[in-house]
Structure formats: structure tokens, C-alpha cells
Amino acid sequence: GAVVSQHPSWVICKSGTSVKIECRSLDFQATTMFWYRQFPKQSLMLMATSNEGSKATYEQGVEKDKFLINHASLTLSTLTVTSAHPEDSSFYICSARTREGLRSYNEQFFGPGTRLTVL
Amino acid sequence: GDSVTQMEGPVTLSEEAFLTINCTYTATGYPSLFWYVQYPGEGLQLLLKATKADDKGSNKGFEATYRKETTSFHLEKGSVQVSDSAVYFCALTRYPNAGGTSYGKLTFGQGTILTVHP
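Rules behind the numbers
Residues numbered from 1 in each chain as written. Chains lettered and ligands numbered in written order. Predicted model: local features only at pLDDT ≥ 70, side-chain atom pairs only at ≥ 80, totals over all residues. Heavy atoms only, no water. Phe/Tyr/Trp six-rings, centres within 6.5 Å; stacked < 30°, edge-to-face > 60°. Helix = DSSP H or I, 4+ residues; strand = E, 2+ residues; numbered from the N terminus. Buried < 20%, exposed > 50% of the residue type's maximum accessible area, 1.4 Å probe, protein only. Contact = heavy atoms within 4.5 Å. Buried area = accessible area lost by both parts, 1.4 Å probe. Salt bridge = Lys/Arg side-chain N within 4 Å of Asp/Glu carboxyl O. Polar contact = N/O pair within 3.5 Å; in protein donor to acceptor, adjacent residues only side chain to side chain. Nonpolar A, V, L, I, M, F, W, Y, C, P; charged D, E, K, R; others polar.

A. Up close: the packing of aromatic side chains. Applying the stated criterion to the full structure yields 12 aromatic pairs over all chains. Between A:Tyr36 and A:Phe110 the ring centres are 5.7 Å apart and the planes differ by 40°, which places this aromatic pair in the tilted class. Here A:Phe110 lies in strand β10 (residues 108–110) and A:Tyr36 lies in strand β4 (residues 30–38), a separation of 74 residues in the sequence. A:Phe110 carries the same exposure label as A:Tyr36, and that label is buried. Summarising the aromatic geometry, the rings of B:Phe62 and B:Tyr88 are spaced 5.6 Å apart at their centres and angled 40° between planes, so their arrangement reads as tilted. A residue pair is termed long-range when its members are at least 10 positions apart, and B:Phe62 in strand β8 (residues 62–65) and B:Tyr88 in strand β10 (residues 86–93) qualify at 26 residues. We note that B:Phe62, like B:Tyr88, is buried. The rings of A:Phe34, A:Tyr36, A:Phe110, B:Phe34, B:Tyr36, B:Phe89 and B:Phe108 are connected pair by pair, giving a single aromatic cluster.

B. Focus on the interface of chain A and chain B. The interface is formed by 21 residues belonging to chain A together with 20 residues belonging to chain B. With both chains or domains summed, chain A and chain B bury close to 1600 Å², and 52% of this area falls on carbon and sulfur atoms. One can count zero salt bridges joining chain A with chain B. The tally of links between chain A and chain B comes to two residue pairs in polar contact (both at pLDDT 80 or more). Secondary-structure elements contributing two or more residues to the side of chain A that touches chain B are β4, β5 (44–51), β9 (90–98) and β10 of chain A. In the side of chain A that touches chain B, the residues fall into nine nonpolar, nine polar and three charged.

Structure below.
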């Protein structure tokens with residue numbers, strides 16, 4: 001249980017195009033999902049916190065107009081990288097936190113990540 | 001702000017060797033502490049956790065004790081296997097004062113690459 005999926009697992013796009021990444025909690029409802037960015041051999045950097053039905057909260061330095069986050073339901077959040085450029089190439093990881101009272105409320109479950117390469 | 005510092009890697013060990021990966025943290029209040037593992041090509045998996053001082057988290061032979069006096073959460077395993085080769089992340093989360101926006105946020109250390117040779 002507590003499985004989080006991401007789609008696609010990898011994507012290559014041309015500079016200037018937009019790319020959408022989906023994050024789904026498969027067997028639980030997630031009131032909160034988190035989006036991280038991981039550079040090679042580096043740690044995860046939190047980009048934004050997404051709560052179902054409300055606007056995402058972005059970390060300092062993350063452009064909200066470039067990284068659009070939509071948390072449309074309790075099982076789906078999407079990250080859209082708009083007008084992608086080569087410097088946006090990275091590994092994007094989402095995580096989902098369970099609702100209070102279910103499993104470990106404080107625990108986040110991570111997706112397998114999406115490798116984005118912008119040419 | 002909150003921060004987590006891990007020992008720098010990479011760490012290279014022979015099979016059955018003893019493993020220690022140091023982790024110290026800075027945070028106000030009483031954070032929960034975690035170790036996550038990332039195997040090659042996979043997402044992060046929770047390895048173990050501790051939610052209050054002196055708690056010991058354990059899983060798959062790994063252990064870590066929440067030491068508030070030294071603000072540490074060092075990861076140990078008595079006998080590593082080749083299959084333990086992965087990247088290990090120490091992390092914390094805490095509950096802010098009412099109205100804070102950092103609820104549930106994880107702060108990660110930089111990760112430590114572990115390679116175990118036969």
C-alpha cells in the first residue's frame with residue numbers, strides 16, 4: 001500500500017515547449033502533495049506544497065508562473081513546466097502525505113521521479 | 001531555518017563491514033527524524049523514523065537513535081550487504097506554530113552515496 005506513481009518517467013522536449021508531469025496516489029487519498037527537484041548527486045530541493053482544492057505554496061526562489069501546480073483531486077497533482085529551457089533539465093520527484101488518521105499521518109510517500117531533459 | 005547535515009560521501013565498504021552515516025540537524029521545537037534510501041533508478045523509500053527524543057528507529061538491520069542532546073540521528077548497520085548500495089538521505093519535519101506554511105515539509109540532508117563491494 002501507499003504507492004505513488006509519476007507519469008511520465010522520463011521526457012525529452014524542445015526548448016520553449018511545456019511539459020506536464022502527473023503525480024498520483026494509487027491507494028490512498030492525499031490532502032497534501034509535495035514537488036521536489038533533484039540535481040545529479042545532490043539532495044532534494046522542495047519546490048512547492050500542493051493542497052487539494054487550493055493554490056500551491058511555493059518555496060522562495062521558485063517561479064510560480066514557470067512551474068504551474070494543480071492539485072485537482074485527492075489523488076492527483078500535476079506539475080507543468082512552462083516554456084522549458086535547458087536549465088530546467090532535472091529529476092522531478094513528488095510525494096504525497098496521507099490524511100489525518102490514516103497510516104502514518106506524518107509520513108510522505110514518494111513517487112519514482114520524472115527525468116526531464118530539455119534540448 | 002531548519003537544516004540537516006550528513007557526512008560527505010561516497011562511502012565504500014566491503015560486505016559485512018559496519019556502517020555509520022552521521023547526521024546532525026538544526027531545528028526549533030521537536031522535529032520528527034527520518035532516514036530515506038534511494039536505490040539506483042528508483043524513488044525514495046522510508047527506511048526508518050523516530051518521532052521523539054531517545055526513540056530508536058529500526059528496519060532491515062539499520063538503526064538510528066534520536067539524540068536531542070547532540071541533535072543527531074546517526075544511521076548504523078552492523079553488517080552491510082551489496083544490496084545496501086544506494087543513496088541515503090537524512091531528513092526532518094516539524095510542526096510549525098499555528099498558521100505556519102511549513103506543515104509537513106521535509107528538509108533533507110545532501111545525501112550519502114554508499115557502495116558495498118563483495
